[in-house]
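So the chains spell out like this:
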Amino acid sequence: MKNPVPYNFARKSAHRQSDSSPLRRISDRYAVAMASAIEHIAGHRTEVTVEEIIFSDFSKWSGVLAPLSSLSIFRLLPLRGSIILHLEETMINSLINVYFGGAPAICVKRTKDGFRQTETQLIDRLALSLMERLADVFSGYGPIKPVFQRHETSASYLTGYKPEDQLLCQPFRISMGTDISWRAELVYSPDAAESAMEFIQSQIRDLPAESDPEWERQWSRNLKQIYLPLRTIVAQPTMRLPELFNMKPGDVIPITPRAKPPLFIGNRKFATGTLGEKNGCAAFRIEHIEQGDT
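Read on for an overview of the structure. (Residues numbered from 1 in each chain as written. Predicted model: local features only at pLDDT ≥ 70, side-chain atom pairs only at ≥ 80, totals over all residues. Heavy atoms only, no water.)

Digging into helix 4 (residues 117–138)
The α-helix advances 3.6 residues per turn, and as a result positions three or four apart in sequence lie on the same side.
Consideration 1: With 22 residues, helix 4 extends 32 Å between its outermost C-alpha atoms, agreeing within 8% with the 32 Å of an ideal straight helix rising 1.5 Å per residue.
Consideration 2: Looking at helix 4, one finds that the buried residues are E119, L122, I123, L126, A127, S129, L130, M131, L134, A135, V137 and F138. (Helix = DSSP H or I, 4+ residues; strand = E, 2+ residues; numbered from the N terminus. Expected span 1.5 Å × (residues − 1). Buried < 20%, exposed > 50% of the residue type's maximum accessible area, 1.4 Å probe, protein only.)

A word on the sheet that holds strand 9 (residues 262–265)
Consideration 1: Reading across from one edge, 8-9-10-11 is the order of the four strands in this open sheet, with antiparallel pairing throughout. Two strands bound the open sheet, and with one partner strand each, they are strand 8 (230–232) and strand 11 (281–289). Neighbouring strand axes in the sheet, compared pairwise and without regard to direction, differ in orientation by 40° on average.
Consideration 2: One ladder, built from four bridges, connects strand 9 with strand 10 (residues 268–278); its direction is antiparallel. (Pairing = 2+ DSSP bridges. Axes fitted to C-alpha atoms, helices over the stretch in contact; angles between N-to-C directions.)

Remarks on unusual backbone geometry
Glycine aside, the phi torsion of most residues is negative, and most peptide linkages are trans.
Consideration 1: For the bond running from L77 to P78, omega is 15°, close enough to zero to count as cis.
Consideration 2: Position of P78 relative to the elements: it lies in the loop between strand 3 (69–77) and strand 4 (83–88).
Consideration 3: At N279, a position not held by glycine, the phi torsion is positive, near 55°.
Consideration 4: Using a relative accessible area of 74% as the deciding quantity, one classes N279 as exposed.

Considerations on the side chain of S94
Consideration 1: With respect to the helices and strands, S94 occurs in helix 3 (residues 89–99).
Consideration 2: Judged by relative accessible area, which is 1%, S94 ranks as buried.
Consideration 3: Separated by 2.9 Å, the side chain of S94 and the backbone oxygen of T90 make a polar contact. (Polar contact = N/O pair within 3.5 Å; in protein donor to acceptor, adjacent residues only side chain to side chain.)

Take a look at the structure:
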């Protein structure tokens, strides 16, 4: 008897690189808002550049984190899943120094188990401001509300994630001056990444297409060059079949003109009117235009 082989049930595959384009557009717009939020707290000019999106499982991502990191977990309702705002400890340490009047500088990592009260207060204020700016960018596609869930200092406390969970990590490079920079991340859970991209794409499909003035001018210009065949039926006499077969050249068919002959465009009745004369030519005066299907 063969040894039983465990069956691995299928699970969602990692997001393809092509799937991340909607979130990359969000990140490009968010970088400006992110810099503004940090400038508001630090009081120094800040630049934020967007780096390439990284796809990683949770075990690999958490394995390279510093022992002490700022991990703020948020929801963006009505999106599913959660988003982690990851800020480096050195960035928090430096911003505290700047906040209390010091000059921007790279602060060395210190050996400590957690953040001090002043640092925690700064993290809470900064994280909320950053996520509110992110929600503002998303609101271009629909109403979004940021909801803070909790703050952790180590990936080991993120118990809601499985080691094999596929994360979408959007890194940013935050620069203050020419020599000072830090790395920050928006880390989307599998549900959050999928829900965010569905939200953006569905809203794009529902948005009305913007008009193109040049296309409209060209369309109007070409429309004026279209010619339609017009015809009218002055009379419709009837004749029996034997009379028709006995007709020869020179015979005369009596015609009684219609009082209100129709005017056709192609095979569709457009109007009715009366016959007359204008400038020495037979003419047709429109008296009634048909409405709807006729």
